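# Structure assessment
The residues making up each chain are set out below.
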Amino acid sequence: MTDTPSTHGTDRVKRGLAEMLKGGVIMDVVTADQARIAEEAGAVAVMSLERVPADIRATGGVARMADPQKVTEIVAAVSIPVMAKARIGHFVEAQVLQTLGVDYIDESEVLTPADEEHHIDKWAFTVPFVCGARDLGEALRRIGEGAAMIRTKGEPGTGNVVEAVRHMRQMTSEIRTLTTLGDDELMSQARDLRAPFDLVKEVASTGRLPVVNFAAGGIATPADAALMMQLGCDGIFVGSGIFKSGDPAVRARAIVEATTHYSDADAIAKVSHDLGEPMVGINIDTIPPEERMQERGL
Amino acid sequence: MVRSLGAEVVEVRLPEHLDGLDALIIPGGESTTIGRLAGLYGLLEPMAEVIESGLPVLGTCAGMIVLATGTTEGDQAQLGVLDVVVRRNAFGRQVDSYEAPIPVSGWDEPITGVFIRAPWIAKAGDDVEILATVDDELSGDARPVFVRQRNVIATAFHPELTDDARVHEMLLSMAAAAKEL
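Read on for a plain summary of the structure. This is a predicted model, so every value here is computed, not measured. (Residues numbered from 1 in each chain as written. Chains lettered and ligands numbered in written order. Predicted model: local features only at pLDDT ≥ 70, side-chain atom pairs only at ≥ 80, totals over all residues. Heavy atoms only, no water.)

A separate point is the overall build of chain A. For chain A, the count of helices and strands is 13 helices and nine strands. For a compact globule of 298 residues, the expected C-alpha radius of gyration is about 19 Å, and chain A comes in at 18 Å, within 12% of that figure. By principal-axis analysis of the C-alpha atoms, chain A measures approximately 55 × 45 × 40 Å. Looking at chain A alone, contacts between residues at least 24 apart form 67% of all its contacts between residues at least 6 apart. Carbon and sulfur atoms make up 49% of the accessible area of chain A, which amounts to about 11,700 Å² in all. Computed over 30 positive and 44 negative side-chain charges, the separation of the two mean positions in chain A equals 1 Å. (Helix = DSSP H or I, 4+ residues; strand = E, 2+ residues; numbered from the N terminus. Rg over C-alpha atoms; globule rule 2.2 N^0.38 Å. Contact = heavy atoms within 4.5 Å. Areas by Shrake-Rupley, 256 points an atom, 1.4 Å probe, with all protein chains shown as cover. Lys, Arg positive; Asp, Glu negative; His and termini not counted. Charge placed at Lys NZ, Arg CZ, Asp CG, Glu CD.)

Okay, structure coming up:
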């Protein structure tokens, strides 16, 4: 470098990578082969995890970060950014993932939480973090802990978009409400949202989250992806929706194109032809409350 | 950014969106994804044509890769309107991403270069004016990260992530000059 100081892991550098992924699709992958399929299909990043949410739901047991061997293979296999999931509160899994060269860590409710009280102190890391949220208060608490990107939680592994829609609408409406309040009303609003006051003030004045907000949890079709984009999210995470479907490569491409052309119904119709079987969906009210992943890490 | 400078902005997703533009910005993102989707929707050739016929264009990070004639890795859909060979992810992975003040030739104040999984220019043609470089820590060589060739400007860093509008002003003044011709 030149004589001038340079800094790694600043807010701008961490949040900036998420800015570069806007309008794109991030796909869950378990193996390097799946990562190559995702990259070839036009994913802007891949998410490495031990098992996709539908399999975690089906087989049960404790879900942890992926085997470092698999993560390393995925990092080597693609040139797009590689994200990886760590358990909520498991800062050592996060340290390991940072060492492996992962570009973003998802502190995720899809895995079994390691700490039921505390999230990871994400400011302590150079690598940026994404976290799930169901409403504005959760989103701002995670940003307060250092998250550089937010995604809706939805209900992972269900192929049912209803919870992602609920969470996106909730956040949008809470943000809109904040912008209508007077300065003297913000402190009690921060109390009700259980959110850091400074961030509440910032959102009230800008009318948006200070970081990029993707949709996740139940997106299974190109129309699902376009729905979330039209509801105002910045991009899409697809988990089980791709590699639990009949023809992953074709469905992955279709979801990418529907996300890019999300307001063009002709384009969405065109890419939705002949995709093969979608993943089998699960109705949320058939899932016992204690098995709902969105209830983890609030 | 350009909106704050008084320009009207349209998003280009399909070839017909190129009609009537005074300047074009190819932003940061994932160059593989941009190249693939641009190819699929028939944008690459029309984009190369309007740029070759003089439309001012700015490419940042992935946008620089898309404008270039080649990458050191090969195998990438590119426009070939900027005579440089680019090395993708030249600085390393996200943990190596950084920001630093970068001196620019002819400017009094340096610009804050925000490098995010950024490329650099490995080889530039004779017509390419090099406006800023950073030193390659391994070889000690100066690697171009801000260049101009006729109507094409490109940065390896992201001026759009800062409040510094000078690069975008440069594009708009090129657009204004092109309109007067």
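So, on to the interface of chain B and chain A. Counting residues at the interface gives 33 residues for chain B, matched by 41 residues for chain A. In total, about 3,100 Å² of surface goes out of reach between chain B and chain A, with carbon and sulfur atoms giving 58% of it. When the area that chain B buries against chain A is broken down by residue, the three leading residues are Arg93, Gln94 and Glu99 of chain B, summing to 20%. Applying the counting rule to chain B against chain A returns three salt bridges. With a shortest N-O distance of 2.6 Å, Arg12 of chain A and Glu99 of chain B are connected by a salt bridge. (Buried area = accessible area lost by both parts, 1.4 Å probe. Salt bridge = Lys/Arg side-chain N within 4 Å of Asp/Glu carboxyl O.)

The next subject is the environment of Thr31 of chain A. All names here are of chain A. If you trace the backbone, Thr31 turns up in the loop between β2 (25–29) and α2 (32–41). When its relative accessible area of 26% is taken as the criterion, Thr31 is described as partly exposed. Counting along the chain gives 20 residues from Thr31 to Arg51, while the straight-line C-alpha distance between them is 9.7 Å. (Buried < 20%, exposed > 50% of the residue type's maximum accessible area, 1.4 Å probe, protein only.)

Before going further, it helps to spend a moment on helix α7 (residues 162–180) of chain A. Along its 19 residues, α7 of chain A runs 27 Å from first to last C-alpha, staying within 8% of the 27 Å computed at 1.5 Å per residue. By the burial criterion, the buried members of α7 of chain A are Glu163, Ala164, Val165, His167, Met168, Met171, Glu174, Ile175 and Leu178 of chain A. (Expected span 1.5 Å × (residues − 1).)

Turning to the packing of aromatic side chains, a few remarks are in order. Residue and element names in this part refer to chain B. Within the structure shown, the criterion is met by nine aromatic pairs over all chains. Their ring planes at 75° and their centres at 5.2 Å tell us that Phe91 and Trp120 sit as a pair that is edge-to-face. One end of the pair, Phe91, is in the loop between β4 (82–87) and β5 (98–102); the other, Trp120, is in strand β7 (residues 120–124), and 29 residues separate them in sequence. By relative accessible area, which is 17% here, Phe91 ends up buried. Residue class for Trp120 comes out buried when judged on its relative accessible area of 5%. With 6.0 Å between their ring centres and 85° between their planes, Phe146 and Phe157 make a pair best called edge-to-face. You can see Phe146 sitting in strand β9 (residues 142–149) and its partner Phe157 sitting in the loop between β10 (152–155) and α4 (166–180), a full 11 residues away along the chain. Phe157 shares its class with Phe146; the two are buried. (Phe/Tyr/Trp six-rings, centres within 6.5 Å; stacked < 30°, edge-to-face > 60°.)

Further remarks concern the pattern of salt bridges. Within this structure, the stated rule accounts for 28 salt bridges over all chains. Close ionic contact of Glu11 of chain B with Arg13 of chain B constitutes a salt bridge, the shortest N to O distance being 2.7 Å. In this structure Glu11 of chain B comes out as exposed when scored by relative accessible area, which is 54%. Salt bridges linked by common partners bring Lys85, Asp106, Glu109 and Arg151 of chain A together as one network.

Turning to the nonpolar core, a few remarks are in order. Taken as a class, soluble globular proteins show a tendency for nonpolar side chains to be buried jointly. Judged by nonpolar contacts, the single largest core of 55 residues is most densely connected at Met27, Val46, Leu97, Ile105, Ile219, Met228 and Ile236 of chain A. For this core, the leading source of residues is helix α12 (residues 248–260) of chain A, giving five residues. Beyond its immediate sequence surroundings of up to four residues, Ile219 of chain A is in contact with Val161, Asp224, Ala225, Met228, Ile236, Phe237, Val238 and Gly241 of chain A. Ranked by size, the runner-up nonpolar core spans 49 residues in total, among them Leu79, Val81, Ala118 and Val145 of chain B. (Core = buried A, V, L, I, M, F, W, Y, C linked by side-chain atoms within 4.5 Å.)

Moving on to the pairing of β2 of chain A. When a strand is regular, its side chains alternate between the sheet's two faces. Residues and elements named next belong to chain A. Judged by how many residues are buried, β2 sits mostly within the fold: five of five residues are covered. By the alternation rule, side chains of β2 split into Val25, Met27 and Val29 and Ile26 and Asp28, which are all buried. Here three bridges tie β2 to strand β9 (residues 236–238), and the two strands are oriented parallel to one another. Note on β9: the bridge partner recorded for Ile26 is Phe237. Both β2 and strand β3 (residues 45–48) contribute to a ladder of four bridges, which runs parallel. By the bridge assignment, Ile26 is partnered in β3 with Ala45. The parallel pair β2 and β3, bridged by α2, forms a crossover whose chirality is right-handed. (Pairing = 2+ DSSP bridges. Right-handed = clockwise from strand over helix to strand, strands pointing away.)

Turning our attention to the state of the cysteines. Going through the model one piece at a time under the given rule, you end up with zero disulfides over all chains. You can see Cys233 of chain A has no disulfide; the closest cysteine sulfur is in Cys131 of chain A, sitting 17 Å from it. (Disulfide = S-S within 2.5 Å.)

All names here are of chain A. Tracing the sequence through the fold places Ile120 in the loop between β5 (104–108) and β6 (129–133). It is 7.5 Å that separates the C-alpha atoms of Ile120 and Glu145, two residues lying 25 residues apart in sequence. Ignoring any residue separated from it by four or fewer positions in sequence, one finds Ile120 in contact with Arg87, Gly89, His90, Phe91, Ala94, Glu107, Phe125, Phe129 and Glu145.

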